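Listed here are the chains, written in short residue letters.
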Amino acid sequence: MVEKMSVEMEEMDEEMEMEVPAKKAQPPRPFGFLQQNRVFLDFFWDLAKPEQEVRLAAVKNLIQYLQQDSKVDELDYAFKRLVDGLGHTREAARPAFSLALGQVLSAFQDVSLQSILDKIREKHSFHGGKKKLFRNALFGNLFGVLALHQSGRLTKEPHVVLGCVQVLQSLSQHKQHLKDLPTKTMMDILNEIPEEVFEQLLLGALQADLASAFRTPEQLQLLLVALQRFPHTLRPKKLKKLLGSSTIINDDNIPKLTQVLKIAAQSGKKELVLPVVALDLLKLSLKEDSFQLFWNKAIIGGMLKEPPGPAHYLSFRLLGSALPLLSLPQLKEVLSGEVMMQYGEHVVAAQKPDRFKMAPEMDKLVSDFLQGCEDSEKQLAVMVCFSSLTNHGYPVVPSVWRVVQHLQPAALQEYVAWLKSMFLQPQIDTLLDFSTRKQKDKQWEKEKRESPVSRLRKWIAARLASIIDNHQVRRQEDLCMDVARFVFFHAFFSTKKVSPDVAESKGKLSVPLDENTRGVLANSFFGCLTSLHRMLLVDDDAVATGQKRVQGVTADGTLWIYHLVQYAQLLLSQSKHVQTSRPFSPEQTLAWDSMLESVANLKKKAKKGPTDENNAFLQLFLLLGIQLFKDPEELLDIMKDLQSCVNKAQEKKTKKKKHAAEQEPEWVEVMVDILLSMLSQRSRHIRQVCKTVFSSICPHVNAAALTAILDVLDPDQDDEEDGAVVVTDDGVKTKKKLKEEEEDDEDMEDEDEDEDDGDDDEEDDEGLEEEEDGMETVDQNFRLKMMKVLQQQALATEQDASSDEDLDDDAMMKLDKGLAALFAEQKKKVQAKKDEKLKLKKEKALVREFKIKVLDLVEVFVARQAGSPLVLGLVEPLLNIINRGMSSGSDQQEQEFLRRAADIFRNQLCRSKVYCRTAGDRQGELHDLLEKLVTKTQKLPDSSVGLYYFSASLYVVKVLRGALPAETKETQTAHGAATSHLKFMGSVDVDRVSSVFREALNSFMAKRKSPLTTKMFSDLFDRFPVLCVNLMDAAVQHMISGVREHQRGQACVLVLKGLQSREVQQLMAGAPWTELCEKVTEQLAAVFGQVDESESKMAKEKLVKALQLCQFLVKHIRYQKLSVDLEPLQAALQSMPSVVTFKKIGQLEDTYWAVVKHFGVTKPKVDKKKPKEAAEPAPALKKKKGFLPETKKRKKRNKPVLEPASAEKPWLASKPGAEKGQTKKKQDKKTKQKRPADAAPASQPNPAKKSKTQSDSKAAKKKKKKLKLKEGGGQM
């Protein structure tokens, strides 16, 4: 027990020496029981462990143990150990001992707190102790007081409170170790004691601390806590005696308070939190009615005068934290003052990277305020003030500020009204507008393009749209419609005079709208339209029953877009009061009227019986009608096509024609063309509507319509003039683009040389030579012009009979002008080609984006019509996209397009539970497709693409097989499992399909590099057991005939997969199964007979696979009692250990012994005594720890400098002092390395030191000294 306690105390503290010798003089009673109770002692060991869970469990278990068996010896010992552990050297152990001490004191009320406090003072006295343990003693006192405080008994023993406070006061002087922990502990104690105890005991003790409150933030915080807890004791008269003033916040104390706040800001800048003293001062200022004085002089006049940094951040955090505490007038005053202005400048300046950003903290503070505030007026004031903080007209807060979701409905309504009024009549003077230093520059004022009014209106438009888009905002239908009408009106209309029917005409614009702002409004409107299209109808019944809620409709079931179309018609009919920003042409007006007529007809038919088809047409008409205001010219033809499409669909429905005219396409084909042309526009709303509409017409889609979609996605048609024209009207053919790109690449090098070389002719010639070396062609026109200019100058110099070096100024200027004009013209050409290349790149991105949208239609068709025969026509086009995409560039759009196509093909097409079951009339076509896919898989260069092709072939087999007949299912359920349903393959030509896959398997086993993988055939065996049965013979043969070890091992894996299948066992039950087992046994015997001593990784892996197959086969044969001869296999297995060496390959060794165990051979046991005998001399080797490493010994041995040095200077050896000093040093070195007498081998002379060249006398002396050390080795 003593040894264990001493070890523990050494770990805790070097100062905590055991008092066991003092206890020995006393009777052995106190610790007699402890010597036997090891569980009790382990609690204290666990308290010092680094794991928090272990420490907490130790505290809990210690309390339970002491309460169950409360003996005086154990309780005294527990208090001693806990008090000792308060100053533990481990930081994590101190809180654990403190917590445990507090809990024990709380459990045992009869123990006096004063006695524990005395023990703490005695044990952890930091006066006159060792300097090493000074810090531990400080923490011991601190955590001891914390333990007394956590016991909850300080109020019952008031005299102990004074002692605790005195200890904390003495600790507060050592801030370099404890920081502000003592002061915080005093505050916690003050928060719990009654006012009587404070007045009688603590007031006198704390008088000095309270009087010096303006020195540090901690002392000021202590005073503020005392004022909050004991207002009757610290009355104004008492404060005047302490501080010289009856109030804390006054003109005289403002400089002191400001200085304290600055200190608090600097000390807490790493924590990124508001110091508590700042918030308490704010609360006190509100209590003393001195808030304006505190805010204006201490914050604005003091903190904000500091450079941007911690002082400013404290002011910003105090502003956000003060929102719940202020009244409405105070909120408006604070949020329109200098602090908000400085916050806005910080937000704008912090947009640069690597800058500290205060905006997320402010957003959190504002969000918490709005969420907890129920006063709509205060909510509105905060939202308006933050929205009024603008930088040159543009608000600092983002337009998608999500704090709006916490607004009350009344506050939200008023906020929207304020936004609308500010849009109509922007009052920049009422805003809290500021400008940065750059914006204040006159040059920036000249270059700026947008006015503050325009910037503000753009933000308001986006702000209104974001309110509709945020589904968490508690908005109502009237508010949504009001916002949508307002944005739509000002985007496309203007007021002539006020109309009583149009509420938006009543608002007058103080500044007219420019076209740029109208464009932003139009985009915001269509963003609102998208949000309304996705808006869920709040239906309590649907929510209760868990049904899918309807999107895009109002409470009465009408589409949101229909209400807006009606509103647009109202505005168009009020031509005397309002006018469109771009008036309709007669054709556009006719298209609008026909749209309204078609909508009316469709709504009449919907009343008789709504259908998905009519709903699709209705949505398209409404969408095209609204889009007429944005792009009227592009949509006229689409409107006409849609109208004819609807007429054909209705005509076909009413007259029930069997087939239309041969020359005219079906209405669904026209509909698909319309959808494709609409998808070419960059609009999220159009994309969603097109998906909805196509989902409605999916049952009517025919092969021609599906082909039109696939033609757009076909990568083989990228080189032709196809679907790319749908996206860009001014596009050029891809072949021309490729030529221009090649020319651009050539000319870019010319441009680089021109820019780098300037007018230097020599460098120009070098650049031309480099181009010729690089086999790059040069612009011949530019070369001819350059030569022409130089020849003209050469002729002029020849006429003047002068050389290049003697050109006069006029000739030089003329040459410079000619070259400058030539290079300027060439630079323009290169820039034009650059712009053209950038344009082509953008067009390519648009085409890729368009194709990604078209994939939406394919995805919808696969999801809605997975059982249609038309889905089979998607297999090859999707595979072609995947194949081409794998070899395309790594652009993000390309990868997204490839990922979408692969996901649709594999997850939604091949793995779908619904598939075409009516393929009986297409058997030949599907079998040809299957052969084509499998053949293509074998020719692919990569297995990643081959996996998709092989999955497609399995999908075709599944389609050919179809579903089980109803009679088969009934017999299966009635008569149990039978093989009839396993043999069912539907329309599959089993022989033909088996031969196809057999060829693929042979190719896989015969080629060194094949795109086929074992996983592909494993899936085939799992899904189609009939085909597995037909391929088993080929797989068994390849166990020997595989081209490499890897293929033979994979053949074993496939054979094992087939043998383990229950379906295969049922299909081959009887003689075929026994015959198969015999073949596999023979092949395995041959495999094991061919094993050699090869150490290659492939050979060992193949052997492991073969042993795994053998293990299952032998076990199965023995279990089924099949008549299979296993003796050849057993003989081959028994000969393996003589060929294969089982070294450290655990899997190979374990598998082998598991196999031969079935033949009665067990793994030989290893004699455990031999390692012990071999390890006996190990302790002698371990005792050479003190000697030098072998590497250093070699270095010393190879030093050739010692011999000539001793030969040239023999007087060094003759000096007695030198010889004596050397031998003494070596003797000291050896005595340090010596061990006890039993370590004789370690004391042998080091052979490395014999290599040093020494005189004979010196070597003799060294031998004598070593002998003496050996003799006295046991006495060291």
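Residues numbered from 1 in each chain as written. Predicted model: local features only at pLDDT ≥ 70, side-chain atom pairs only at ≥ 80, totals over all residues. Heavy atoms only, no water.

A word on the packing of aromatic side chains
Right, on to step 1. Within the structure shown, the criterion is met by 33 aromatic pairs.
Right, on to step 2. Judged by centre distance (6.3 Å) and plane angle (10°), the ring pair of Tyr 415 and Trp 418 falls under stacked. Pair noted here: Tyr 415 and Trp 418 are both in helix α24 (residues 409-424), with a separation of three residues, about one helical turn.
Right, on to step 3. Every member of this aromatic cluster is reached through a ring pair, and the members are Phe 488, Phe 489, Phe 492, Phe 493, Phe 525, Phe 526, Tyr 567, Phe 584, Trp 592 and Phe 629.
Right, on to step 4. The positively charged end of Lys 603 is found above the aromatic ring belonging to Tyr 562, 4.4 Å away from the centroid. (Phe/Tyr/Trp six-rings, centres within 6.5 Å; stacked < 30°, edge-to-face > 60°. Helix = DSSP H or I, 4+ residues; strand = E, 2+ residues; numbered from the N terminus. Lys NZ or Arg CZ within 6 Å of the ring centre and 35° of its normal.)

Considerations on the packing of helix α28 (residues 477-492) against helix α31 (residues 560-573)
Pairs of packed helices are described in terms of their axes, by the angle between the two and the distance that separates them.
Right, on to step 1. For the pair α28 and α31, the least separation of the axes is 11 Å and the interaxial angle reads 45°. Here α28 lies oblique to α31, going by the angle between them. Note that α28 runs across α31; the crossing there is right-handed. The residues of α31 that touch α28, namely those facing Glu 477, Cys 480, Met 481, Ala 484, Arg 485, Phe 488 and Phe 489, are Trp 560, His 563, Leu 564, Tyr 567, Ala 568 and Leu 571. (Axes fitted to C-alpha atoms, helices over the stretch in contact; angles between N-to-C directions. Parallel < 35°, antiparallel > 145°, perpendicular 65-115°, else oblique. Left-handed = near helix turned anticlockwise from the far one by under 90°. Contact = heavy atoms within 4.5 Å.)

Examining a negative patch on the surface
Right, on to step 1. A grouping of Glu 587, Asp 637, Asp 641 and Asp 673 is seen on the molecular surface, where their side chains present a negatively charged patch.
Right, on to step 2. Structurally, the position occupied by Asp 673 is in helix α35 (residues 667-679).
Right, on to step 3. What makes Asp 673 partly exposed here is its relative accessible area of 45%. (Patch = residues over 30% accessible without salt bridge, like charges linked within 9 Å, V, L, I, M, F, W, Y side chains within 5 Å. Areas by Shrake-Rupley, 256 points an atom, 1.4 Å probe, with all protein chains shown as cover. Salt bridge = Lys/Arg side-chain N within 4 Å of Asp/Glu carboxyl O. Lys, Arg positive; Asp, Glu negative; His and termini not counted. Charge placed at Lys NZ, Arg CZ, Asp CG, Glu CD. Buried < 20%, exposed > 50% of the residue type's maximum accessible area, 1.4 Å probe, protein only.)

What about the environment of Leu 370?
Right, on to step 1. Residue position: Leu 370 is located in helix α22 (residues 359-372).
Right, on to step 2. By relative accessible area, Leu 370 is classed as buried at 0%.
Right, on to step 3. Apart from the residues within four sequence positions on either side, Leu 370 is in contact with Gln 379, Met 383, Val 403, His 406 and Leu 407.

Considerations on the sheet that holds strand β2 (residues 394-395)
Right, on to step 1. Pairing within the open sheet is mixed, and its three strands lie in the order β2-β1-β3. The sheet terminates laterally at β2 and β3 (432-434), the two strands that pair on one side only.
Right, on to step 2. As paired elements, strand β1 (residues 389-391) and β2 share two bridges and run antiparallel to each other. Among the inter-strand pairings, Asn 391 is bridged to a residue of β2, identified as Tyr 394.
Right, on to step 3. Against the sheet, helix α21 (residues 338-349) contacts β1 and β3, and its axis sits at roughly 45° relative to β3. (Pairing = 2+ DSSP bridges.)

Things to note about unusual backbone geometry
Right, on to step 1. Although it is not a glycine, Leu 272 adopts a positive phi angle of roughly 55°.
Right, on to step 2. By secondary structure assignment, the location of Leu 272 is in the loop between α16 (254-267) and α17 (276-287).
Right, on to step 3. Its relative accessible area of 40% is what places Leu 272 among the partly exposed residues.
Right, on to step 4. Unlike most non-glycine residues, His 392 shows phi in positive territory, near 55°.
Right, on to step 5. Looking at the element boundaries, His 392 is found in the loop between β1 and β2.
Right, on to step 6. Residue His 392 is classed as buried on the basis of its relative accessible area of 6%.

Quick word on the side chain of Gln 1047
Right, on to step 1. Topologically, Gln 1047 is positioned in helix α52 (residues 1045-1060).
Right, on to step 2. The class for Gln 1047 is buried, based on a relative accessible area of 2%.
Right, on to step 3. The residues contacting Gln 1047, other than those within four sequence positions of it, are Phe 1004, Met 1005, Lys 1007, Arg 1008 and Gly 1042.

Describing α22
Three or four residues apart is the spacing at which side chains of an α-helix point the same way, because the helix has 3.6 residues per turn.
Right, on to step 1. Over its 14 residues, α22 runs 20 Å from end to end, which matches the ideal 20 Å to within 8%, given 1.5 Å per residue.
Right, on to step 2. Along α22, the positions that sit buried rather than exposed are Met 362, Val 366, Ser 367, Phe 369 and Leu 370. Projected onto a plane normal to the axis of α22, the buried residues spread over an arc of 160° and lie on a single side. Looking at α22, the residues exposed on the side facing more than 90 degrees away from the buried face are Pro 360, Gln 371 and Gly 372.
Right, on to step 3. For α22, the elements touching its buried residues are α19 (310-322), α20 (328-334), α21 and α23 (376-387). (Expected span 1.5 Å × (residues − 1). Arc of directions from axis to C-beta.)

Re the pattern of salt bridges
Right, on to step 1. A full pass over the atoms with the stated rule returns 26 salt bridges.
Right, on to step 2. A salt bridge links Lys 364 to Asp 368, with the nearest nitrogen and oxygen atoms 2.8 Å apart. Placement of both Lys 364 and Asp 368 in helix α22 is noted, with a separation of four residues, approximately one turn of the helix.
Right, on to step 3. A relative accessible area of 37% means that Asp 368 is categorised as partly exposed.
Right, on to step 4. We note a salt bridge from Arg 992 to Glu 931, for which the minimum N-O separation is 2.7 Å. Of the two residues, Arg 992 sits in helix α49 (residues 990-1006) while Glu 931 sits in helix α45 (residues 923-939), which places them 61 residues apart along the sequence.
Right, on to step 5. Exposure remark for Arg 992: the relative accessible area of 27% places this residue in the partly exposed category.
Right, on to step 6. Residue Glu 931 is classed as partly exposed on the basis of its relative accessible area, which comes to 28%.
Right, on to step 7. Among the charged side chains, a network of salt bridges with common partners joins Arg 687, Asp 856, Glu 859 and Arg 900.

Digging into helix α6 (residues 93-107)
Right, on to step 1. The end-to-end C-alpha distance of α6 is 21 Å, a good match for the 21 Å that 15 residues give at a rise of 1.5 Å each.
Right, on to step 2. The complete set of buried residues in α6 reads Ala 93, Arg 94, Ala 96, Phe 97, Ser 98, Ala 100, Leu 101, Gly 102, Val 104 and Leu 105.

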